[in-house]
Amino acid sequence: MIAIITGDIINSEEHETSEWIDILKNVFSQWGKTPTTWEIYRGDEFQLKVVPENALLAAIQIKAAIKSVKDLDVRMAIGVGSESFKGATVSESNGTAYQRSGRTFETLKSEKLNLAIATGNKKEDKRLNLMLRLALDFMDEWTSVSAELVAIALANPKMSQQEIAEQLNIQQSAVSQRQKRARLDLVMALLAYYPETVKRMKP
């Protein structure tokens with residue numbers, strides 16, 4: 001089993017590509033190399049391949065990183081399944097993970113959703129997508145400073161509030177306030193729950 005994240009940048013046409021492209025590449029490079037693990041194409045669309053257990057972490061990392069740029073957001077679909085054909089690039093490859101990701105991505109705009117998942121297990125999909133919709137209620141509202149803090153916390157899970165404060169050049173109390181506003185505790189709870197759900201699924 002693999003997971004494919006298909007996405008695009010919301011409001012990219014109102015920003016210079018240079019404002020977000022290196023931020024996105026930096027997140028992707030943590031998961032592997034282009035073009036076999038990730039690709040950016042057609043200007044602002046992308047695909048990333050990860051193991052299923054890491055898919056939600058990768059998606060929220062991408063969201064936090066992109067939302068750290070004011071007025072930008074990202075729309076993503078996670079597809080979990082097989083890889084029946086491995087091409088020279090991610091976009092050339094195929095399998096149920098790719099198909100589920102692509103089909104789900106095509107529905108996001110009309111459903112006014114910025115993140116959804118398709119695993120082929122309808123019961124688990126219903127549960128996970130309800131949780132994602134509830135989480136998006138606050139994640140879609142992250143300010144750029146909240147998103148920046150979440151991005152740092154996810155990339156450095158062992159970093160203390162004091163270390164984050166030093167990196168951002170702010171007081172530790174401000175880090176604590178931003179974590180509360182970003183609902184980082186709920187993000188972490190969701191990320192802890194998700195891999196256990198995926199592990200229960202049969203390939």
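A short tour of the structure in this document, coming up. All of these numbers come straight from a predicted model, not from anything done at the bench. (Residues numbered from 1 in each chain as written. Predicted model: local features only at pLDDT ≥ 70, side-chain atom pairs only at ≥ 80, totals over all residues. Heavy atoms only, no water.)

Remarks on the overall build of the protein
As a reminder, the rule being used: Under the DSSP-based scheme used, a helix requires at least four consecutive residues in state H or I and a strand at least two consecutive residues in state E, with every element numbered from the N terminus. Using C-alpha atoms as the atom set, the radius of gyration is obtained and then compared with a globule rule of 2.2 Å times the number of residues to the power 0.38. The contact definition used throughout considers only heavy atoms, calling two residues in contact when any of these lie within 4.5 Å. Note that accessible areas follow from Shrake-Rupley with a 1.4 Å probe, and for residues the cover is restricted to the protein chains shown. In this charge count, Lys and Arg are treated as positive and Asp and Glu as negative; neither His nor the chain ends contribute. Each charge is placed at NZ for Lys, CZ for Arg, CG for Asp and CD for Glu.
Within the protein, the secondary structure is distributed over eight helices and five strands. Listing every helix and strand of the protein by position from the N terminus yields β-α-β-β-α-β-α-β-α-α-α-α-α. Scaling as 2.2 N^0.38, a compact globule of 203 residues should have a C-alpha radius of gyration of about 17 Å, and the protein matches this with 16 Å. Its C-alpha atoms give the protein principal-axis dimensions of roughly 50 × 35 × 30 Å. Within the protein, residue pairs in contact and separated by at least 24 positions form 67% of the contacts whose partners lie at least 6 positions apart. Surface summary for the protein: the accessible area is close to 10500 Å², and the carbon and sulfur share equals 48%. One finds the centroid of the 26 positive side-chain charges in the protein at a distance of 8 Å from the centroid of its 26 negative side-chain charges.

Quick word on the pairing of strand β3 (residues 45-50)
The line we're drawing: Each residue gets one of three labels from its accessible area relative to the maximum for its type: buried under 20%, exposed over 50%, partly exposed in between, using a 1.4 Å probe on protein chains only. Between any two strands, pairing holds if DSSP finds at least two bridges.
Most of β3 is tucked away, with six of its six residues classed as buried. Alternating positions in β3 separate into two faces, E45, Q47 and K49 on one and F46, L48 and V50 on the other, with burial throughout. Here six bridges tie strand β1 (residues 2-10) to β3, and the two strands are oriented antiparallel to one another. Within β3, the position partnered with T6 by the bridge is Q47. Two strands pair when backbone bridges link them, and strand β2 (residues 38-41) and β3 are joined in this way by four bridges, in the antiparallel orientation. Across the sheet, E39 pairs through a bridge with Q47, a residue of β3. Hairpin geometry of β2 and β3 is characterised by an intervening segment of three residues between the two adjacent antiparallel strands and by a positive phi of about 50° at R42.

Let's talk about the pattern of salt bridges
Stated precisely, the cut-off is as follows: Counted as salt bridges are all cases of a side-chain nitrogen of Lys or Arg within 4 Å of a carboxyl oxygen of Asp or Glu.
Scanning the entire structure with this criterion turns up seven salt bridges. A salt bridge links E45 to R42; the shortest N-O distance between them is 2.9 Å. By relative accessible area, which is 17% here, E45 ends up buried. R42 sits in the exposed class, given a relative accessible area of 68%. Among the salt bridges present, the one from D73 reaches K67, with a minimum N-O distance of 3.6 Å. For the residue pair D73 and K67, the accessibility class agrees, reading buried in each case.

With respect to the side chain of N129
Here N129 is to be found in helix α4 (residues 122-139). Among all residues touching N129, those that are not within four sequence positions of it are A116 and I117.

Points about the sheet that holds β3
For clarity, the threshold we go by: Every axis corresponds to a line fitted to the C-alpha atoms, with the helix fit spanning only the stretch in contact, and the corresponding angles, defined between N-to-C directions, vary from 0 to 180 degrees.
Strand order in this open sheet of five strands is β2-β3-β1-β4-β5, and the pairing throughout is mixed. Of all the strands in the sheet, the pair left with one neighbour each is β2 and β5 (115-118). For this sheet the average axis-to-axis angle between neighbouring strands, irrespective of direction, equals 15°. Sitting on the sheet, helix α2 (residues 55-67) touches β1, β3, β4 (73-81) and β5, and the angle it makes with β4 is about 170°. Set on the sheet, helix α3 (residues 96-111) makes contact with β1, β3, β4 and β5; between it and β4 the angle comes to about 145°.

What about the nonpolar core?
Generally speaking, nonpolar side chains in soluble globular proteins are found buried as a group. In plain terms, the rule: Side-chain atoms within 4.5 Å are what join buried Ala, Val, Leu, Ile, Met, Phe, Trp, Tyr and Cys residues into a set we call a nonpolar core.
Core analysis: the largest hydrophobic core is formed by 53 residues, its most contacted members being F46, L56, I62, I78 and W142. Looking at this core, the element that brings in the most residues is α2, giving nine residues. Excluding residues within four positions of it along the chain, W142 makes contact with I60, K63, A64, K67, A147, V150, A182 and V187.

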